[in-house]
Amino acid sequence: MRGIILAGGTGSRLHPITVGTSKQLLPVYDKPMIYYPLTTLILAGIRDILVITTPADATAFGRLLADGSQFGISITYAVQPVPDGLAQAFVIGRDHSGTECVALVLGDNLFHGPGLGLQLSRFSEIDGGTIFAYRVSDPSAYGVVEFDDQHRAVSLEEKPKCPRSEYAVPGLYFDHNEVVDIAASVMPSDRGEYEITDVNRAYLDWGKLSVEVLPRGTAWLDTGTFGSLLDAGNYVRTIEERQGLKVSVPEEAAWRRGFSRRRCPFQVPGGKLQLAEPGFKVAHSLSEITQTERTRFRVDPTTASCSDPVPGRHLLVASMGGHLADVPYVTETMLIGGIPTLRANRQQLAARMVADCALARSGQMAMPRVLTSSNGSVVAKFRRDPAFRDLIMKADAVDADGQPLVIASRLFSKTPLTERVATTDFIHDAAKAAAANGLRFYFLGAKPGVAQIAADRLRGLHPGLQIVGVCDGYFSPDQEDQICRDIVGLEADVLWVGLGSPAQESFAIRNREKLAGLAWIKTCGGLFDHCAGQCSRAPMWMQKAALEWLYRAIKEPRRLGPRYLITNLPALYQLITATSDGPVPPTPGAVQV
């Protein structure tokens, strides 16, 4: 699939501003207009893009976009001497298209919405033409498409007085390569232009024009007039300031698609935190951050400091819940039952999650970190199963989700764990931090419908929490790649994997490269069942006495009774004989920043 951005024309509706510059170089809030259609094509998975401009503006576009290598793509240029219509873009781009399908987007059209990249990437190979339909309140002001239940176009009208549908056709078109010959055969209209509508009507006559409806919540803005340009700028400003995330940044889109390892800055609502440079001054506490650093990183008094594990580099991180929190980034581990276990409490682990998301979003993490949990059953399996041991050792961090581990650390360590990091408790710390910092979760696992219930309940408990997608754990191996693409396409920061052990650890290690762009892959066992109310927790006295296993065995004697009979004694032996302050063996599979 090749892409074309038509950024020509005189911009007469924006005179006198466009007398001296191209319309597509005007700012839409904080970015030049052409960044928005460029991002749309990148999200669709298109790496070879032709920008068609006027002869007078070609140099300016070249200065702005260069050859596209900064985005991990290829950008070439062509000129349209006279604005003779949209269909002419296909003819001008004939050599660029070659034998591949073509996507054409108008340089003054802005598209934004959840899952847009995933939706557009489905049209990389098509037979015929595809146009998009967008519901509008006044269709008579636009080109209008009527379509049937199978989303096949029935009619096309240009600004009709009595529209046959409420759906306008925005400036985005995906076509088979034959569109080049169709466009070349189009005759000029009464306006003297080669109309894109005539190209679409040719596909309509052949029964090969399909219609893709842009979902509710998607924004489409045509920025060709003063009013619409102002509306677009206000829309972008509102979204960016409320969410603390950028709209239509080509660097981020290219990074999300795996075209580039560069990524746009990480911004936090309220905190104005921005990680724009690879070098960080060492800062162990808020008091050590100089005024120069505050200016450089745009840090306000409500932000905290958090160190990064790479020697000589530290990370400034927004505080959780809006309160000043100087929480260290914990990397120190100890051996508990032979497993290198993180010396972190729940608050520290949540702070590390926020810090890692900042690193990932600033392009400084090549692959997501894999975090898993240890309990008595894991310790026993770690001892007897070499394959499982290898999976655990390839994780980046292991937390202690088991009171017996905390007790063992108190008996055999000079610096014991301060608390158990139960995943069913930690999810609420993580959700609170995610809601405060604009982080995005994805839930994978459990029986059909369970993860969705869990997501709905957590959203109710933590307003502002973004859970961008869910998928049950009953998928086939050949669906795995598509699931990973969906997760990346939805721009998740943290993937929670509840597939049971060792399937969840195996999934995380096997797919970490495919999930580049995320910060964390966190295994979570039966978390979704707990959050959905499918199973209950043991009383607190049993949890503190390390007897939660007994409560679960009583609840499910046939399934869990034999397991605990087999694992309890080996786990106890391993906890007694293989718990110490160190030395801790290296983790060969761990991802380094």
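The numbering scheme is per chain: residues are counted from 1 as the chain's sequence reads. For a predicted model such as this one, the threshold for reporting local features is a pLDDT of at least 70, and the threshold for listing and counting side-chain atom pairs is 80 or more; totals across whole chains, interfaces and linings nevertheless cover every residue. Note that water and hydrogens are dropped before the side-chain values are worked out from all heavy atoms of the structure.

## What about the overall build of the protein chain?
Piece 1. Strands are runs of DSSP state E lasting at least two residues, helices are runs of H or I lasting at least four, and both sets are numbered from the N terminus onward. Counting its secondary structure elements, the protein chain contains 22 helices and 24 strands.
Piece 2. The contact criterion used throughout is that any non-hydrogen atoms of two residues lie within 4.5 Å. For the protein chain, contacts bridging at least 24 residues in sequence account for 73% of all contacts bridging at least 6.
Piece 3. Surface accessibility follows the Shrake-Rupley procedure with a 1.4 Å probe radius. Residue values consider only the protein chains on display as shielding. Of the roughly 25,400 Å² of accessible surface on the protein chain, a fraction of 53% belongs to carbon and sulfur atoms.

## Regarding the pattern of salt bridges
Piece 1. The rule for a salt bridge is simple: a side-chain nitrogen of Lys or Arg has to be within 4 Å of a carboxyl oxygen of Asp or Glu. Applying the stated criterion across every chain, the model contains 27 salt bridges.
Piece 2. Here aspartate 399 makes a salt bridge to lysine 522, at a shortest N to O gap of 3.4 Å. Highlighted residues: aspartate 399 in strand S20 (residues 397–400) and lysine 522 in strand S24 (residues 520–523), separated in sequence by 123 residues.
Piece 3. The cut-offs for exposure are 20% and 50% of the maximum accessible area for each residue type, with area from a 1.4 Å probe on protein chains only; residues under the lower value are buried, those over the upper are exposed, and the others partly exposed. Judged by its relative accessible area of 0%, lysine 522 is buried.
Piece 4. Across the pair lysine 514 and aspartate 481 runs a salt bridge whose closest N-O atoms are separated by 2.5 Å. In this pair, lysine 514 sits in the loop between helix H18 (503–511) and S24 while aspartate 481 sits in helix H17 (residues 480–489), placing the two residues 33 residues apart along the sequence.
Piece 5. Judged by relative accessible area, aspartate 481 falls into the partly exposed class, the value being 35%.

## Here's the deal with the packing of helix H13 (residues 386–394) against H18
A pair of packed helices is characterised by two quantities: the angle between their axes and the separation of those axes.
Piece 1. Every axis corresponds to a line fitted to the C-alpha atoms, with the helix fit spanning only the stretch in contact, and the corresponding angles, defined between N-to-C directions, vary from 0 to 180 degrees. Contact geometry of H13 with H18 gives a least axis separation of 10 Å together with a crossing angle of 55°. Taken together, H13 and H18 sit at an angle that is classed as oblique. Once H13 is placed against H18, the crossing between them reads as left-handed. Here H13 contributes Phe388, Leu391, Ile392 and Lys394 to the contact with H18, which in turn contributes Glu505, Ser506 and Ile509.
Piece 2. Any residue that is not Ala, Val, Leu, Ile, Met, Phe, Trp, Tyr, Cys, Pro, Asp, Glu, Lys or Arg is counted as polar, Gly included; the first ten are nonpolar and the last four charged. By residue class, the composition of the contact of H13 with H18 is 4 nonpolar, 1 polar and 2 charged. An angle below 35 degrees is read as roughly parallel, one above 145 as roughly antiparallel, one from 65 to 115 as roughly perpendicular, and any other as oblique. By convention the crossing between two helices is left-handed if the near helix lies anticlockwise of the far one by an angle smaller than a right angle, and right-handed if it lies clockwise.

## So, the nonpolar core
Piece 1. Working definition of a nonpolar core: buried Ala, Val, Leu, Ile, Met, Phe, Trp, Tyr and Cys residues. They are joined through side-chain atoms within 4.5 Å. Counting 40 residues, the largest nonpolar core has Met353, Phe441, Phe443, Trp496 and Phe528 as the members making the most contacts within it.
Piece 2. Going through the elements one at a time, helix H11 (346–361), helix H15 (423–437), strand S21 (440–445), helix H16 (450–461), strand S23 (494–498) and helix H19 (527–531) are the ones with two or more residues in this core.
Piece 3. By residue number, the principal contributor to this core is H11, which donates 7 residues.
Piece 4. With near-sequence residues (within four places) excluded, methionine 353 lies in contact with Ala430, Ala433, Ala434, Leu439, Phe441, Val494 and Trp520.
Piece 5. Core analysis: the second largest hydrophobic core is formed by 37 residues, Ile42, Ile73, Ile126 and Val136 among them.

## Describing the sheet that holds strand S19 (residues 369–374)
Piece 1. Across the sheet, 6 strands lie side by side as S20-S19-S24-S23-S21-S22; this open sheet has parallel pairing. On the outer flanks of this sheet lie S20 and strand S22 (466–471), each paired with one strand and no other. Between one strand and the next, the sheet's axes are offset by a mean angle of 20°, whatever the strand orientation.
Piece 2. Its contacts with the sheet put H15 on S19, S21, S23 and S24, and the angle it makes with S21 is roughly 150°. Two strands qualify as a pair provided DSSP detects at least 2 bridges between them.

## Quick notes on H18
One turn of the α-helix equals 3.6 residues, which is why residues spaced by three or four share an orientation.
Piece 1. When H18 is considered as a whole, its buried residues turn out to be Gln504, Glu505, Phe507, Ala508, Ile509 and Asn511.
Piece 2. Looking at the buried side of H18, the elements it contacts are S19, H13, S21, H17, S23 and S24.

## Observations regarding unusual backbone geometry
Trans is the prevailing form of peptide bonds, just as negative phi is the prevailing case for residues other than glycine.
Piece 1. That bond from histidine 15 to proline 16 is cis: its omega, 10°, falls within 30 degrees of zero.
Piece 2. Tracing the chain through its elements places proline 16 in the loop between strand S1 (2–6) and strand S2 (27–28).
Piece 3. Here the bond from serine 501 into proline 502 is cis, since omega is 10°, no more than 30 degrees from zero.
Piece 4. Along the chain, proline 502 turns up in the loop between S23 and H18.
Piece 5. Here lysine 159, not a glycine, exhibits a phi torsion of approximately 50°, which is positive.
Piece 6. For lysine 159, the position within the fold is in the loop between strand S10 (153–158) and strand S11 (167–168).
Piece 7. Of the residues examined, lysine 159 reaches a relative accessible area of 53% and is grouped as exposed.

## A few points about the packing of aromatic side chains
Any aromatic ring pair is given by two values, namely how distant the centres are and how the planes are angled relative to each other.
Piece 1. Side-chain rings of Phe, Tyr and Trp (the six-membered ring for Trp) are treated as a pair once their centres are within 6.5 Å; stacked means planes under 30 degrees apart, edge-to-face means over 60, and tilted covers the remaining angles. One pass over the structure, following the stated rule, counts 13 aromatic pairs.
Piece 2. When the centroid spacing of 6.3 Å and the interplanar angle of 85° are considered together, the rings of tyrosine 35 and phenylalanine 71 count as edge-to-face. Residue tyrosine 35 is found in helix H1 (residues 35–43), and its partner phenylalanine 71 is found in the loop between helix H2 (58–65) and strand S5 (74–79); the two are separated by 36 residues along the sequence.
Piece 3. Taking the centre distance of 5.6 Å and the plane angle of 75° together, the rings of tyrosine 134 and tryptophan 220 count as edge-to-face. Taken together, the positions of tyrosine 134 in strand S8 (residues 129–135) and tryptophan 220 in strand S14 (residues 219–222) put the pair 86 residues apart, joining distant regions of the chain.
Piece 4. Look at tryptophan 220 and you get buried, because its relative accessible area is 10%.
Piece 5. What links up through ring pairs into an aromatic cluster is the set Phe426, Phe441, Trp496 and Trp520.
Piece 6. Against the face of phenylalanine 382 rests arginine 389, its NZ or CZ located 5.8 Å from the ring centre. A positively charged side chain is recorded as over a ring if its NZ (Lys) or CZ (Arg) lies within 6 Å of the ring centre. The angle to the ring normal must also be within 35 degrees.

## Description of the confidence of the model for the protein chain
Piece 1. The pLDDT score gives, residue by residue, the confidence of the prediction method on a 0 to 100 scale. When pLDDT is averaged across the protein chain, the result is 82; 84% of the residues are at 70 or more.
Piece 2. Confidence drops under a pLDDT of 50 for residues 262–326, and excluding neighbours within four residues, the segment shows 162 contacts in the predicted structure.
Piece 3. Long-range and interchain partners of residues 587–593, a stretch whose pLDDT sits below 50, account for 21 contacts in this model, where long-range means more than four residues apart.

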